[in-house]
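Examining the three-dimensional arrangement
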Amino acid sequence: MNGNTFRMPARRLVTVAAATALAAGPAALAGPGTAHATGDQGRASAAVLRTGLDVSLLNKTVNVPLTVSLNEVQAPESARETALTARLDGVDGGRPFSVLRADVADAGATVTGGKAEGHTNLARARVHVPGLPLLSVVEVEQVTSRAVCEAGKKPVAEANLLGSVTVLGKKVTLTTGGTTEVKVPGVGEVRLDLSKTATTSRTAAATALELTVSVNPLDLNVAEVDGTLTLAEATCETPATPGARAGQPPAQPAAEQAPDVRAQGERTDAGLAETGGSSATPYVAAGAVALLLAGGGALAATRRRRA
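Residues numbered from 1 in each chain as written. Predicted model: local features only at pLDDT ≥ 70, side-chain atom pairs only at ≥ 80, totals over all residues. Heavy atoms only, no water.

Let us now look at the side chain of Ser195. Relative to the assigned elements, Ser195 resides in strand E13 (residues 188–199). The class of Ser195 is buried, set by a relative accessible area of 18%. At 3.3 Å, the side chain of Ser195 forms a polar contact with the backbone oxygen of Ala159. (Helix = DSSP H or I, 4+ residues; strand = E, 2+ residues; numbered from the N terminus. Buried < 20%, exposed > 50% of the residue type's maximum accessible area, 1.4 Å probe, protein only. Polar contact = N/O pair within 3.5 Å; in protein donor to acceptor, adjacent residues only side chain to side chain.)

Time to look at the confidence of the model for the protein. Mean pLDDT over the protein: 74, with 64% of residues reaching 70 or higher. Every residue in residues 250–281 is under pLDDT 50, and counting partners more than four places away or in other chains gives five contacts. (pLDDT = per-residue confidence, 0-100. Contact = heavy atoms within 4.5 Å.)

This part covers the state of the cysteines. Scanning the entire structure with this criterion turns up one disulfide. Here Cys149 is linked by a disulfide to Cys236, with a sulfur-sulfur distance of 2.1 Å. Measuring the twist about the S-S bond at about 70 degrees, one finds the Cys149-Cys236 disulfide to be right-handed. On the criterion of sequence distance, the pair formed by Cys149 in strand E9 (residues 138–150) and Cys236 in strand E15 (residues 222–237) is long-range, its members being 87 residues apart. The pair formed by Cys149 and Cys236 is uniform in burial state, with each residue classed as buried. (Disulfide = S-S within 2.5 Å.)

Our next topic: unusual backbone geometry. Residue Pro76 is reached from Ala75 by a cis peptide bond, and omega for that bond is -5 degrees. Among the structural elements, Pro76 can be located in the loop between strand E4 (73–74) and strand E5 (77–79). Phi is positive for Arg124, close to 45 degrees, though the residue is something other than glycine. As for its position among the elements, Arg124 is in strand E8 (residues 115–127). Using a relative accessible area of 41% as the deciding quantity, one classes Arg124 as partly exposed. Unusually for a residue other than glycine, Ser195 sits at a positive phi of about 50 degrees.

What follows is the structure, encoded as structure tokens:
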């Protein structure tokens, strides 16, 4: 009775150990800390307007930053707001003032199918800074930008300015790739850079218009406004190829593959054993080891019991 009572758990122990080894084989053989890389999916962004201005109040005793943006998006997003207002304490009693108004202000960013793209479109726009409620820092008819990064192709960056440009009430003619300076006595000066683009092997960036502003309006308790204004900006980064996203090397061309390739189900030469092993070999080996260890342990326990 006692012997039967002992042997049954021993047999169960052997069976359970073998089943556990076979079931846990894939996880155990994978090793600790195994991870699958998600890969780089690419990036894209766009912004119709971005400001980085420092507003000095009370004869430069107080500095207040004006950092705002309109329609700043990252893939996959889009925006179509046409007005931007801001509020600064100490300027015009803290009431909101208009930074930008436009008839069209679109920005979009997408990443799909191995392609990342950012684009903007700004039309009939007027940009203001604190202290100049009636005089625009810049007025533009239309500016656009576009950055495209596609897997396997060279990134592309484009920026265009269409129509006239007015700076501090003066119409100006801009030169492509150069800098234009506009000075208005008693008001300030603005430096403009037109159509700035940059590309690398995987990235692209385009800015239709960038302004460096320094004005002294001497109204509404504002002493000076300095900083930058960026209109119609787009950027992108090329998505990784499918093979790179999976963390695997590219597949070998057909000519470089091993010649010993057989159709599924095709047998090898009759009567000859194949070398190597299948994908199940590690699991079978693990099960055999578990059976051997469990059987030996059960036998030793039985002998001790009988003794």
